[in-house]
Amino acid sequence: PTDGKGLLSFILQNRMSLLERQYRFAQAVGLATDRYAILRNKGALGDLVSEIGNYCALLNQRTEYSTAIAFLDRVQKDYGRLPKLGNIMSGLIHNEVLQLSKAGEYGKALILIDKRSTSGDLDAQSVASLKKLVVQNRLAQAVSESPFANALAEIENSYRGGSIDQSEYHRYLVALFGKEAQQTAATKGYLSAVKVLDQGIKLTGGNAELERGRGIYLNNYIAAIHNHFATLFNNREYGQATKVIQEGLAVVPDSSVLNQDLQLIRRTSGG
């Protein structure tokens, strides 16, 4: 082109290429905006969209998601919904939701999702998927870090509110009760851990993993009683040894190990 517009467009395009090579995409967007204002054709619009995408990709790489989203809001206000930028916007929103969730800002993440659903930047499927992701991250953190009662309440409320289904509800319960049982066993003993798991088994309607854990803690309790008995028996403290075994059998009357110990002490002591 030889007219003034064509010459200016050519200069701007060369300058844009140089800025791209220097990763100065914000400035390139400014020039692409000027060039589109001059030409007002499909090619110039495509170049503008490309530069906007480059700039957003740079901000995304820097994890500056909220800055990129605000920038696209301004673009959308000035030009409407340009081609290809919808996918970029939804990707940035997704990353911003992830960033907020990792920071424990679950409320802000849900507010962002609702706002972007209303604005039309997210479709119904994306909204549901992102909300589910936020809930899962929140519950995972609650199981890992929150006091037992608080985490349990979070799980229960999420299930009753429909944020998680029954299989997910059981999965979080298993993780929570397994963790609580382990901590309880270390501080209060195996029987207390069994009681914790009994509560989880009741809530899940009989979870196999919790049942296995219960069996392990019960066997550990039996082994501890047996070892205590053996020490007393070897020291010929038969009265105390009998008492220990009887206390154990009151908890697990069908234990073959403890019943054998009881028979041994009776034969030895003549009781």
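I will try to describe carefully the structure that is included in this document. (Residues numbered from 1 in each chain as written. Predicted model: local features only at pLDDT ≥ 70, side-chain atom pairs only at ≥ 80, totals over all residues. Heavy atoms only, no water.)

1. Quick look at the packing of helix H3 (residues 42-61) against helix H5 (residues 85-102)
Each packed pair of helices is defined by two parameters, the angle between the axes and the distance between the axes. Applied cut-off: Between N-to-C directions, angles span 0 to 180 degrees; the directions come from axes that are lines fitted to C-alpha atoms, helices contributing only their stretch in contact. Elements are defined by DSSP. Helices are runs of H or I of four residues or more, strands are runs of E of two residues or more, and each kind is numbered from the N terminus. In this scheme, roughly parallel covers angles under 35 degrees and roughly antiparallel covers those over 145, while 65 to 115 is roughly perpendicular and the rest are oblique. For this analysis, residues touch if any pair of their heavy atoms sits within 4.5 Å. Gly counts as polar in this scheme, as do all residues outside two lists: the nonpolar Ala, Val, Leu, Ile, Met, Phe, Trp, Tyr, Cys and Pro, and the charged Asp, Glu, Lys and Arg.
It is the contact of H3 with H5, at a shortest axis distance of 11 Å, that shows an interaxial angle of 10°. In terms of axis orientation, H3 runs roughly parallel to H5. Touching Val 49, Ile 52, Gly 53, Cys 56 and Asn 60 of H3 are Leu 85, Ile 88, Leu 92 and Asn 95, all from H5. Counted by class, the contact of H3 with H5 contains 6 nonpolar, 3 polar and no charged residues.

2. Describing the environment of Asn 60
Test applied: Under this definition, polar contacts are N or O atom pairs within 3.5 Å; protein pairs additionally need one hydrogen-donor-capable and one acceptor-capable atom, and for neighbouring residues in sequence, both atoms have to be side-chain atoms.
Along the chain, Asn 60 falls in helix H3. Put simply, Asn 60 and Gly 120 are 60 residues apart on the chain and 21 Å apart in space, counted from C-alpha to C-alpha. In this structure Asn 60 touches Tyr 65, Leu 92 and Asn 95, once residues within four positions along its chain are discounted. A distance of 2.7 Å separates a polar atom in the side chain of Asn 60 from a polar atom in the side chain of Asn 95.

3. Comments concerning unusual backbone geometry
One non-glycine residue with positive phi stands out, namely Tyr 23, at about 60°. Turning to its location among the elements, Tyr 23 is positioned in the loop between helix H1 (4-21) and helix H2 (25-39). Phi is positive for Thr 63, close to 60°, though the residue is something other than glycine. Along the chain, Thr 63 turns up in the loop between H3 and helix H4 (65-79).

4. What about the packing of aromatic side chains?
Stated formally: Stacked, edge-to-face and tilted are the three classes for Phe, Tyr and Trp ring pairs, Trp counted by its six-membered ring, which pair at centre distances within 6.5 Å; planes under 30 degrees apart are stacked, over 60 edge-to-face, the rest tilted. To sort residues, take the accessible area from a 1.4 Å probe on protein chains only and compare it with the maximum for the residue type: under 20% means buried, over 50% means exposed, and anything in between is partly exposed. Charge-over-ring contacts are defined here by two conditions on Lys NZ or Arg CZ: a distance within 6 Å of the ring centre and an angle within 35 degrees of the ring normal.
With the rule as written, the count across this model stands at 8 aromatic pairs. A ring pair is formed by Phe 148 and Phe 177, whose centres lie 5.2 Å apart and whose planes are at 80°; its orientation type is edge-to-face. Of the two residues, Phe 148 is situated in helix H8 (residues 148-160) and Phe 177 in helix H9 (residues 166-188); the sequence distance between them amounts to 29 residues. Residue Phe 177 is classed as buried on the basis of its relative accessible area, which comes to 0%. It is Arg 171 that lies over the ring of Tyr 172; its NZ or CZ is 4.8 Å from the centre.

5. Some points on the pattern of salt bridges
Formally: Each salt bridge in this description consists of a side-chain nitrogen of Lys or Arg and a carboxyl oxygen of Asp or Glu lying within 4 Å of one another.
Evaluation of the coordinates by the stated rule reveals 9 salt bridges. Linking Lys 132 and Glu 168 is a salt bridge whose minimum nitrogen-to-oxygen distance equals 3.0 Å. Pair noted here: Lys 132 is in helix H7 (residues 124-145) and Glu 168 is in helix H9, with a separation of 36 residues, a long-range link. Residue Lys 132 is classed as partly exposed on the basis of its relative accessible area of 32%. Residue Arg 138 is joined to Glu 154 by a salt bridge in which the shortest nitrogen-to-oxygen separation is 3.1 Å. With Arg 138 in helix H7 and Glu 154 in helix H8, this pair connects stretches of sequence that are 16 residues apart. A relative accessible area of 30% means that Glu 154 is categorised as partly exposed.

6. Concerning the side chain of Arg 116
Relative to the helices and strands, Arg 116 resides in helix H6 (residues 106-119). Classification of Arg 116 as buried rests on a relative accessible area of 5%. Residue contacts for Arg 116: discarding those within four places in its chain leaves Ile 69, Asp 73, Met 89, Ile 93, Asp 121 and Leu 122.

7. Comments concerning the packing of H2 against H3
Put simply, the test is: Each crossing gets its handedness from the near helix: less than a right angle anticlockwise from the far helix is left-handed, clockwise is right-handed.
Where H2 contacts H3, the axes come no closer than 9 Å and their chain directions differ by 165°. Taken as axis vectors, H2 and H3 run roughly antiparallel relative to one another. Taken as a pair, H2 and H3 cross one another with a handedness that is left-handed. Here H2 contributes Phe 25, Ala 26, Ala 28, Val 29, Ala 32, Thr 33, Arg 35, Tyr 36 and Leu 39 to the contact with H3, which in turn contributes Ala 44, Leu 45, Asp 47, Leu 48, Glu 51, Ile 52, Asn 54, Tyr 55 and Leu 58.

8. Focus on H9
Threshold: To estimate the expected span of a helix, subtract one from its residue number and multiply by 1.5 Å.
In this model H9 runs 31 Å from its N-terminal to its C-terminal C-alpha over 23 residues, within 8% of the 33 Å that 1.5 Å per residue would give. The complete set of buried residues in H9 reads Glu 168, Tyr 169, Tyr 172, Leu 173, Val 174, Leu 176, Phe 177, Ala 181, Thr 184 and Ala 185. Elements in contact with the buried residues of H9: H7, H8, helix H10 (190-204) and helix H11 (208-234). Looking one or two residues beyond H9, the residue adopting positive phi is Gly 189, at roughly 105°.

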